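Summary of the model geometry
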Amino acid sequence: MVSGPGMDAETGDLDGDGDLDIVIANEYQPNKILLNNDLGVFTDGTPGRLPQKFLDSEDIGIVDLDRDSDLDIVFATEDHAVHELYFNNGGAVYRDKSGILPNSIANSVLAVDVNNDSLPDLLFGNAGASDTPAQNFLLINNGDTTFSDATAARLPQVLDITQDIKLGDIDNDGDNDMVVGNEDGNKIHINNGSGFFTDETSARLPLTGTEETRKVTLCDIDGDNDLDIFFANVAFRPGRLKQDRLLLNNGSGVFTDVTSSNIPFDNEHTTEGIFVDIDYDGDFDLITTNIFNNRPVKVFANNGSGIFEEVTQLVLPPGVLGEGIGIKAGDFNGDNLLDLYIVNRGQQDRLVLRNDTAKTIGLNQLGTEVPGKFSLSQNYPNPFNPSTKIKFELPANSFVKLTVFDITGKLLNNPVNRQLAAGSYELNWDAGLLPSGIYFYRIETKGFIETRKMILIK
């Protein structure tokens, strides 16, 4: 098992065999490569492949920097201020090219095409000595395995203590803008279309003086085709609050803080948040890692409108705890289901493979006629093995919660938990992992609650 001072993980097919491998950045220890055997079983591929240095590695970028059709790796380094750059020779054997990068104290690196020339550039999120503000760096890829420092020409000349940078088209004008997560106040920098950025924070971002952000995540969480922002926050500095923040985009890159109404109160040091469609209902749910206090990994289901409810116990097995400082989702074992890799600083990392049948659960609307009343029909067939259909009707637009529980009252599944339009619906529910027995399903809306019994015979 992998354990150590892990700070970040990234995934990619390093050896070109068609599966996802894992790269781990370690603090004051050599970094690691984990090679996948295509079935989600990993071996340490580090010896003889990745040069070993004892540096304070914080963040990872994986991309084809030298245009030879394999994935190269860059590590951002904090305390030692010496970044690592490795070009892939093919087959995940790396040569050291670190000397071509300027050095800085950095907590983040992002490998992405900034100037629209189809070459990935490098953005470093910097800090100064003794945790003071500093200028972030932008290095433009010259296409010949060298980089030019374009910081002064292309970035706002501002000093920050940056922990993370993400690019995305937040103002819907066809180019990628920059959201900067800082210890001392987050920023938005708008792209002019050619990779030159202007600081427009004050006009676009609700500010708070109590926010210390560790990670930034961009995602359309309310289904309106624009990018919203999640800030994963900690309180390592005096006077900061641990509460994460959720900001909704108005479509033009101006944000409204909906934290208090859309996500549960949080008193953890949250190090990262990722959005994945856990329940296959067409919207993005949230998974967070947290450190130092209770150390949980948390899962929050999206109701389709960007309002989240914690469902950790329904999704994760018991005991998924640790000093979680990073999390990545990917299909590691080739079953077309998203698995999770959790970096636990100072403890064993966790690989959580998804093994349920949620992908086969489907909710279909039946026709366009609006029913006259609420109803929940008996499942069909009944008894069943292993799947059955559950039909219900809504005379008005309603927030619907449909749950399944066993004969002891234990909640087993929550296949529907979102706003639905008026109409008739049929749910295909699969009990492939459950034993034979009597089960109950219940529908709850603002004006209607009903429970029915069903029998599983295998």
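Coordinates for the structure precede this section.
Here we summarise the structure given alongside this text. Please read all numbers here as calculations on a predicted model, not as lab measurements. (Residues numbered from 1 in each chain as written. Predicted model: local features only at pLDDT ≥ 70, side-chain atom pairs only at ≥ 80, totals over all residues. Heavy atoms only, no water.)

**Focus: the overall build of the protein chain**
Under the convention used in this document: Put simply, DSSP H or I for four residues or longer makes a helix, DSSP E for two residues or longer makes a strand, and each gets a number counted from the N terminus. Just to be clear, the radius of gyration here is over C-alpha atoms, and the globule rule we use is 2.2 Å times residues to the power 0.38. Using a 1.4 Å probe on the protein chains alone, a residue whose accessible area is under 20% of its type maximum counts as buried, one over 50% counts as exposed, and one in between counts as partly exposed. Contacts are assigned to residue pairs with any non-hydrogen atoms lying within 4.5 Å of each other. Surface accessibility follows the Shrake-Rupley procedure with a 1.4 Å probe radius. Residue values consider only the protein chains on display as shielding. The charge count includes Lys and Arg as positive and Asp and Glu as negative, but it does not include His or the ends of the chains. For charged residues, the charge sits on one atom: NZ in Lys, CZ in Arg, CG in Asp, CD in Glu.
Within the protein chain one finds four helices and 35 strands. Radius of gyration (C-alpha) of the protein chain: 24 Å, near the 23 Å computed for a compact globule of 458 residues. For the protein chain, the C-alpha atoms occupy an extent of roughly 70 × 50 × 40 Å along the three principal directions. In the protein chain, buried positions account for 54% of the 458 residues. A separation threshold of at least 6 residues defines the contact pool for the protein chain, and within that pool the share at least 24 residues apart is 49%. Here the protein chain displays about 18,600 Å² of accessible surface, and carbon together with sulfur accounts for 51% of that area. With 34 positive and 71 negative side-chain charges, the protein chain shows a separation of 7 Å between the mean positions of the two kinds.

**Concerning the layout of surface pockets**
The method is simple in principle: a probe with the dimensions of a water molecule rolls over the atoms, and the space it marks as empty is what remains. So the rule is basically this: The method works on a 1 Å grid over the protein atoms by themselves. A cavity is a set of points holding a 1.4 Å probe that cannot get out, a pocket is an open set with protein on both sides within 12 Å along at least five of seven lines, and residues with an atom within 4 Å of a point line them. Grid points are joined across faces, edges and corners, and a volume is the space filled by probe spheres set on the points. For this classification, Asp, Glu, Lys and Arg are treated as charged, while Ala, Val, Leu, Ile, Met, Phe, Trp, Tyr, Cys and Pro are nonpolar and the rest, including Gly, are polar.
Reported here for the second largest pocket is a volume of approximately 410 Å³. The wall of the second largest pocket is formed by 23 residues, among which Glu 10, Leu 110, Lys 166, Glu 272 and Lys 328 lie closest to the centre. When contributions to the lining of the second largest pocket are tallied by element, the ones reaching two or more residues are strand S1 (6-12), strand S5 (57-63), strand S9 (105-112), strand S13 (162-168), strand S17 (212-219), strand S21 (269-276) and strand S25 (324-330). Here the lining of the second largest pocket is built from residues that sort into twelve nonpolar, three polar and eight charged.

**Overview of the sheet that holds strand S2 (residues 21-26)**
For the record, the criterion: Strands were regarded as paired on the criterion that DSSP finds at least two bridges between them. To get an axis, fit a line to the C-alpha atoms, keeping to the stretch in contact for a helix; angles then go from 0 to 180 degrees between the N-to-C directions.
The antiparallel open sheet is built from four strands, whose spatial order is S1-S2-S3-S4. The open sheet has two edge strands, S1 and strand S4 (42-44), and neither has a second partner. Averaged over all neighbouring strand pairs, the angle between strand axes comes to 25°, with direction disregarded.

**Quick notes on the nonpolar core**
This is how the line gets drawn: Definition used in this section: a nonpolar core is a set of buried Ala, Val, Leu, Ile, Met, Phe, Trp, Tyr and Cys residues joined via side-chain atoms within 4.5 Å.
Core analysis: the biggest nonpolar cluster contains 20 residues, and Leu 376, Ile 390, Phe 392, Val 400, Leu 420, Trp 429 and Met 454 have the highest contact counts within it. With 15 residues, the next largest nonpolar core counts Leu 101, Ala 106, Val 109 and Phe 124 among its residues.

**Regarding the side chain of Asp 8**
Heads up, the rule is: Think of a polar contact as two N or O atoms within 3.5 Å of one another; within protein, one of them needs to be a possible hydrogen donor and the other a possible acceptor, and neighboring residues in sequence only count if both atoms come from side chains.
With respect to the helices and strands, the residue Asp 8 is situated in strand S1. Judged by relative accessible area, Asp 8 falls into the buried class, the value being 0%. A distance of 3.2 Å separates a polar atom in the side chain of Asp 8 from the backbone nitrogen of Ile 60.

**Some points on the pairing of strand S14 (residues 177-182)**
Along S14, six of the six residues are buried, which leaves the element largely enclosed by surrounding structure. Taking every second residue as pointing to the same face, both faces of S14 are buried, with Asp 177, Val 179 and Gly 181 on one and Met 178, Val 180 and Asn 182 on the other. Bridge count for S13 against S14 is six bridges, and the pairing is antiparallel. The residue bridging Ile 165 from the neighbouring strand is Val 180, located in S14.

**Digging into the side chain of Thr 288**
Examined against the element boundaries, Thr 288 turns out to sit in strand S22 (residues 285-291). Overall, the relative accessible area of 2% leaves Thr 288 in the buried class. A distance of 3.3 Å separates polar atoms of two side chains, one belonging to Thr 288 and the other to Asn 290. When near neighbours in sequence (up to four residues on either side) are disregarded, Thr 288 contacts Phe 230, Thr 270, Glu 272, Gly 273, Pro 296, Val 297, Lys 298 and Phe 300.

**Thoughts on the sheet that holds S5**
One open sheet holds the four strands; their spatial order is S5-S6-S7-S8, and the pairing between them is antiparallel. A single partner strand is all that each edge strand has here, and the edge strands are S5 and strand S8 (94-96). If you compare each strand with its neighbour and ignore which way they point, the axes differ by 25° on average.

**Observations regarding the pairing of strand S34 (residues 437-445)**
Examined bridge by bridge, strand S31 (residues 398-406) and S34 share six bridges and lie antiparallel to one another. Bridge pairing in S34 links Asp 406 to Tyr 439. Two elements, S34 and strand S35 (residues 448-456), share nine bridges in a ladder whose sense is antiparallel. Its bridge partner being in S35, Ile 443 is matched across the sheet by Glu 450.

**Let's talk about the environment of Leu 155**
Along the chain, the position of Leu 155 falls in the loop between helix H1 (151-154) and S13. Given the relative accessible area of 6%, Leu 155 is considered buried. For the pair Leu 155 and Asn 136, spaced 19 residues apart in sequence, the C-alpha separation works out to 8.0 Å.

**Here's the deal with a nonpolar patch on the surface**
The line we're drawing: Surface patches are drawn from residues lacking salt bridges whose relative accessible area is over 30%; two like charges belong together within 9 Å, two nonpolar side chains (Val, Leu, Ile, Met, Phe, Trp, Tyr) within 5 Å. By definition, a salt bridge exists where a carboxyl oxygen of Asp or Glu is found within 4 Å of a side-chain nitrogen of Lys or Arg.
Together, Leu 314, Val 315 and Leu 411 make up a nonpolar patch on the protein surface, roughly 200 Å² of accessible area in all. With respect to the helices and strands, the residue Leu 314 is situated in helix H4 (residues 312-315). With a relative accessible area of 32%, Leu 314 lands in the partly exposed category.

**Notes on the packing of aromatic side chains**
This is how it is decided: Aromatic pairing here means that ring centres of Phe, Tyr or Trp (its six-membered ring) are within 6.5 Å. Orientation follows from the plane angle: under 30 degrees is stacked, over 60 is edge-to-face, and everything else is tilted. By definition, being over a ring means that NZ of Lys or CZ of Arg is both within 6 Å of the ring centre and within 35 degrees of the ring normal.
Enumeration according to the criterion identifies nine aromatic pairs in this entry. Taking 5.4 Å as the distance between ring centres and 50° as the angle between the ring planes, the aromatic pair formed by Phe 236 and Phe 292 counts as tilted. Residue Phe 236 is found in the loop between strand S18 (228-234) and strand S19 (245-249), and its partner Phe 292 is found in the loop between S22 and strand S23 (297-302); the two are separated by 56 residues along the sequence. One Lys or Arg, Arg 154, reaches over the ring of Phe 196 and ends 4.1 Å from the middle of that ring.

**Description of the pattern of salt bridges**
Opposite charge on two side chains lets them pair, provided their charged atoms get close. Enumeration over the complete set of coordinates arrives at 19 salt bridges. Close ionic contact of Asp 257 with Arg 245 constitutes a salt bridge, the shortest N to O distance being 3.0 Å. Of the two residues, Asp 257 is situated in strand S20 (residues 255-257) and Arg 245 in strand S19; the sequence distance between them amounts to twelve residues. Taking relative accessible area as the criterion, Asp 257 reaches 34% and is therefore assigned partly exposed. Here Arg 442 and Glu 444 are joined by a salt bridge, their closest N and O atoms 3.3 Å apart. Look at Arg 442 and you get partly exposed, because its relative accessible area is 29%. Relative accessible area serves as the criterion here: at 25%, Glu 444 is assigned to the partly exposed category. One network of salt bridges, in which partners are shared, links Asp 8, Glu 10, Glu 272 and Lys 328.

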